[in-house]
Amino acid sequence: LLSARVLAVASCTTRLHASNLGEPVCDYQQVTIPTSQPGPPRQNISVEDLTPKLMELLKESGMENGVVNVISRHTTTALTINERENRLSLDMERYFLSLAPPDERSSAETAMAGVTYSHNDIDLRPDGEEEAQRCRENGWDIDDADELQKWREQEPINAHS
């Protein structure tokens, strides 16, 4: 995680009544899970345990049966179900770094010479009308050369593909 991430958590259940099923009851929460790594956000992999926060939300909701759906609202965040064990977390970090080592242009401590990702070629972006339109929709006047440069300067070099 580069920083704290926002997760959407929805838990739904159906309350049983004496002779029929009641209306579904859903509880939607948006939570921020801070990274356990000290200091300012950095380009690194971290494994975070969401169980305590999810258990707290479920307890507060009063639901006893149902389904919990957890959604990451960030493209570089992944959700997986594993037991919480330190050596497993280290194995996961090593595995993900072997799949996608950090770009040599990133600030990651584990950046590797010779590793580059096309999406980090900021000077070539936006590279098509679709990306250009997304920039405009997000308030960037990229048709103006100065504004385009400002947009490029604020785009981060991502550590991983």
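Our subject is the structure listed above.
Residues numbered from 1 in each chain as written. Predicted model: local features only at pLDDT ≥ 70, side-chain atom pairs only at ≥ 80, totals over all residues. Heavy atoms only, no water.

Chemist: I keep staring at the overall build of the protein and nothing clicks. Help me out?
Modeler: A count of helices and strands for the protein gives 4 helices and 3 strands. When its helices and strands are written in sequence order, the protein yields β-β-α-β-α-α-α. In the protein, 55% of the contacts between residues at least 6 apart in sequence involve partners at least 24 apart. Just so you have it, the protein exposes about 11300 Å², and 51% of that area is on carbon and sulfur atoms. (Helix = DSSP H or I, 4+ residues; strand = E, 2+ residues; numbered from the N terminus. Contact = heavy atoms within 4.5 Å. Areas by Shrake-Rupley, 256 points an atom, 1.4 Å probe, with all protein chains shown as cover.)

Chemist: Hey, could you run me through a nonpolar patch on the surface in this one?
Modeler: Among the surface-exposed residues, Tyr95, Phe96 and Leu99 lie close enough to one another that they form a single nonpolar patch of about 320 Å² accessible area. Mapped onto the secondary structure, phenylalanine 96 falls in helix H2 (residues 86–99). Classification of phenylalanine 96 by relative accessible area gives partly exposed; the value is 37%. (Patch = residues over 30% accessible without salt bridge, like charges linked within 9 Å, V, L, I, M, F, W, Y side chains within 5 Å. Salt bridge = Lys/Arg side-chain N within 4 Å of Asp/Glu carboxyl O. Buried < 20%, exposed > 50% of the residue type's maximum accessible area, 1.4 Å probe, protein only.)

Chemist: It is not clear to me how the packing of aromatic side chains should be interpreted in this structure. Could you clarify?
Modeler: Within a pair of aromatic rings, the relevant descriptors are the distance that separates the centres and the angle that separates the planes. As enumerated under the stated definition, the model contains 1 aromatic pair in all. Consider the rings of tyrosine 95 and phenylalanine 96, whose centres lie 5.8 Å apart with planes at 55°: the pair is tilted. (Phe/Tyr/Trp six-rings, centres within 6.5 Å; stacked < 30°, edge-to-face > 60°.)

Chemist: Can you help me understand the nonpolar core in this one?
Modeler: By size, the foremost hydrophobic cluster in this structure holds 5 residues: Ala132, Cys135, Ile142, Leu148 and Trp151. For this core, the elements supplying multiple residues, two or more each, are helix H3 (129–137) and helix H4 (145–154). Discounting residues that sit within four places of it in the chain, isoleucine 142 has contacts with Pro126, Ala132, Cys135, Arg136, Leu148 and Trp151. (Core = buried A, V, L, I, M, F, W, Y, C linked by side-chain atoms within 4.5 Å.)

Chemist: What's the story with H2 in this structure? I'm lost.
Modeler: Working note: α-helix, 3.6 residues per turn, so residues spaced by three or four point in the same direction. Between its terminal C-alpha atoms H2 stretches 20 Å, which fits the 20 Å expected from 14 residues at 1.5 Å a residue. Two or three places before arginine 87, at the start of H2, stands the capping residue glutamate 85, its side-chain oxygen 2.9 Å from that residue's backbone nitrogen. (Expected span 1.5 Å × (residues − 1). Polar contact = N/O pair within 3.5 Å; in protein donor to acceptor, adjacent residues only side chain to side chain.)

Chemist: Mind showing me how you'd approach H3 here?
Modeler: Of the residues making up H3, those classed as buried are Glu131, Ala132 and Cys135. End-on, the buried residues of H3 take up no more than an arc of 100°, which puts them together on one face. Turned more than 90 degrees away from the buried face of H3, the exposed residues are Glu129, Glu130 and Glu137. Residues of H3 that are buried in the fold lie against H4. Just past H3, the residue glycine 139 takes up positive phi, approximately 90°. (Arc of directions from axis to C-beta.)

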